[in-house]
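Residue-level structure breakdown
Here are the chains, one letter per residue:
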Amino acid sequence: EKNSKYISIKHQSTFKSVFFDFDKYDINMGANQKLLDWVASSKNIEVQKIYGFCDWKGTNVYNDSLSWKRVQTVHDFLKERAVKIKFANKRNLR
């Protein structure tokens, strides 16, 4: 089940979103391919910001943890592909 929980990647004027399955922080096949295509089509990428978002369901502590795990997952995915990242953060939609 997909929902409004996502990671935003800000790269210069390009904005990308990676959507996660409900209550998950692993990168699903669709998001994996989207990220791979984006990295392959860009030269010398330097990501300005990565933000993780969660909806209002669940406790603040749980959502903070899930948001951060999502940010960390995307961060690690990009770092493994030699993408420079300036800033990563988590946010909850309240």
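Everything that follows concerns the structure shown earlier in this document.
Rules and cut-offs
Residues numbered from 1 in each chain as written. Predicted model: local features only at pLDDT ≥ 70, side-chain atom pairs only at ≥ 80, totals over all residues. Heavy atoms only, no water. Salt bridge = Lys/Arg side-chain N within 4 Å of Asp/Glu carboxyl O. Buried < 20%, exposed > 50% of the residue type's maximum accessible area, 1.4 Å probe, protein only. Helix = DSSP H or I, 4+ residues; strand = E, 2+ residues; numbered from the N terminus.

**Re the pattern of salt bridges**
- With the rule as written, the count across this model stands at one salt bridge.
- Residue R81 pairs with E80 through a salt bridge whose shortest N-O separation is 3.4 Å.
- Using a relative accessible area of 31% as the deciding quantity, one classes R81 as partly exposed.
- Accessibility expressed as a relative area gives 62% for E80, which makes it exposed.

**What about unusual backbone geometry?**
- Positive phi, normally seen in glycine, also occurs at D23, with a value near 60°.
- Considering the arrangement of structural elements, one finds D23 in the loop between β2 (14–21) and α1 (29–41).
- A positive phi is found at A82, a non-glycine position, where the angle reads about 65°.
- Residue placement: A82 occurs in the loop between α2 (60–80) and β5 (84–85).
- For A82, a relative accessible area of 67% translates into the label exposed.

Keep in mind that these numbers describe shape and distance, not what the molecule does.
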